[in-house]
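Read off the chains here:
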Amino acid sequence: MAFSVAVAGASGYAGGELLRLLAAHPEFRIDTVTAHSNAGQPLVQVHPHLRSLAHLTLVDTTPETLAGHDIVFLALPHGKSGELTAALDPSTLVVDCGADHRLTSEEDWAAFYGGDYFGAWAYGVPELIVGDGKQRDHLVGATRIAAPGCNASTVALSLAPGIAAGVIEATDIVSVLAVGPSGAGKALKTNLLAAEILGSANPYAVGGTHRHIPEIAQSLRGAGAQAVSLSFTPVLVPMSRGILATSTARIVPGTPAEAVRAAWHDAYGDETFVHLLPEGDFPRTADVLGANTALIGLAIDEAAGRVVVVAAVDNLVKGTAGAAIQSANIAVGLPESTGLSVNGVAP
């Protein structure tokens, strides 16, 4: 059985990546692609790399154009998804790649985003530890799913195993991320011009202002943290896509080194898309380019009494579109790896 699919916001980076992955999905059939200012254009005029989808034309993003599909993926700016979802059939599977339905706290939404609060949906990070299980348990049969923020899921997957196992503390976490500019979307911005970023590394949202901070804290509390104190600093670097997140946390005093590493091994040893690398190995963003994988390297800084976790993801795949499709697979009862690959592109 093929599921009829619509992708809203198809002209952007996240929308384009959704379409690239969906084009190879054996059970999801792309029937409708929508946009705002690009409506009326052939899809390949906006995404010339999507040759197999040359028959599609972008149409306006309205509840009417999105109605009648089995699955709707939304790749819209924050504040725009929530305006649409109330008008969609409750039985339709809607997967939001924006921020509108990620946060369970209305106060956090007001503090970091502002505007109308649209409520929280099932969170689309299947491998994330939640209580005694994994988040995938909450995606089975779901009709409303919030795909994660790419930085947020990378840091949460990096640290949740240690918190759940009680081997690290959540009250002194430091995360510094090297990120590619595609995570900021396709809109023209001066700070994202090639002349501004080539040959330079540029920190932004410094000092606890990044919008993914409450999302990370929410995930870590779900893994068992009583309180979360996180210093989070992203740094824009000249690579089109990718995240390399280096996170450190205090090890609970008296915890043996083997117990620390065992927490991550136990959490991800059987996972298809999240891999703990052998001791002494650390990932590169090049290793996950185009793949739905998160690669994790772990070290113990004995002098500082801290664990150091280095995680690499492709922000447009495992960070966004791949996570959305993986979650949709679970929701409709397909194997969650359907249409997704662990293999990247090199060089």
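See the structure printed just above.
K.L.:
Looking at this model, I keep getting lost on the nonpolar core. Mind explaining?
P.N.:
Side chains that are nonpolar tend, in soluble globular proteins, to be buried together. With 45 residues, the main nonpolar core has Ile168, Trp264 and Val307 as its most contacted residues. Counting residues per element, the ones that place at least two in this core are helix 6 (150-164), strand 10 (173-179), helix 8 (213-222), strand 12 (230-236), strand 13 (243-250), helix 9 (257-268), strand 15 (294-301) and strand 16 (306-313). Per-element accounting of this core gives the leading share, eight residues, to helix 6. Leaving out residues up to four positions away in the same chain, Ile168 has contacts with Leu159, Gly162, Ile163, Ala249, Arg250, Ile251, Val252, Trp264 and Val307. In terms of nonpolar packing, the next biggest core, distinct from the first, is built from 39 residues, Ala142, Ala147, Phe273 and Leu334 among them.

K.L.:
Please clarify how the pairing of strand 5 (residues 93-96) should be interpreted in this entry.
P.N.:
Two faces, one strand: in a regular strand the side chains alternate between the faces of the sheet. Of the two faces of strand 5, the one holding Leu93 and Val95 and the one holding Val94 and Asp96 are both buried throughout. Summarising the sheet, strand 4 (residues 71-74) and strand 5 pair through four bridges and their orientation is parallel. Bridge pairing in strand 5 places Phe73 opposite Val95.

K.L.:
Would you mind going over unusual backbone geometry with me for this structure?
P.N.:
In most cases, non-glycine residues show a negative phi, while peptide bonds are predominantly trans. Cis rather than trans, the peptide bond between Ala346 and Pro347 has omega equal to -5°. Take Pro347: it is sitting in the segment after helix 10 (317-332).

K.L.:
Looking at this structure, how should I read the sheet that holds strand 9 (residues 144-146)?
P.N.:
Strand pairing in a sheet relies on backbone hydrogen bonds. The paired strands run either parallel or antiparallel. Across the sheet, which stays open at both edges, the seven strands sit in the order 3-2-1-4-5-9-6 with parallel pairing between neighbours. Both edges of this open sheet fall to strand 3 (58-60) and strand 6 (122-123), since each of them pairs with a single strand only. Both strand 1 (residues 3-8) and strand 4 contribute to a ladder of four bridges, which runs parallel. Its bridge partner being in strand 4, Val5 is matched across the sheet by Ile71. Sitting on the sheet, helix 10 touches strand 1, strand 2 (28-35), strand 4, strand 5 and strand 9, and the angle it makes with strand 5 is about 160°.

K.L.:
Explain the packing of aromatic side chains to me, please; I cannot follow it from the model alone.
P.N.:
Within a pair of aromatic rings, the relevant descriptors are the distance that separates the centres and the angle that separates the planes. Following the criterion strictly, the structure yields two aromatic pairs and no others. Here the aromatic rings of Phe3 and Phe28 are separated by 5.8 Å at their centres, their planes lie at 90°, and the arrangement is edge-to-face. Taken together, the positions of Phe3 in strand 1 and Phe28 in strand 2 put the pair 25 residues apart, joining distant regions of the chain. Pairing Trp109 with Tyr113 gives two aromatic rings, centres 4.4 Å apart and planes at 15°, and the pair type is stacked.

Thresholds applied
- Residues numbered from 1 in each chain as written.
- Predicted model: local features only at pLDDT ≥ 70, side-chain atom pairs only at ≥ 80, totals over all residues.
- Heavy atoms only, no water.
- Core = buried A, V, L, I, M, F, W, Y, C linked by side-chain atoms within 4.5 Å.
- Buried < 20%, exposed > 50% of the residue type's maximum accessible area, 1.4 Å probe, protein only.
- Helix = DSSP H or I, 4+ residues; strand = E, 2+ residues; numbered from the N terminus.
- Contact = heavy atoms within 4.5 Å.
- Pairing = 2+ DSSP bridges.
- Axes fitted to C-alpha atoms, helices over the stretch in contact; angles between N-to-C directions.
- Phe/Tyr/Trp six-rings, centres within 6.5 Å; stacked < 30°, edge-to-face > 60°.

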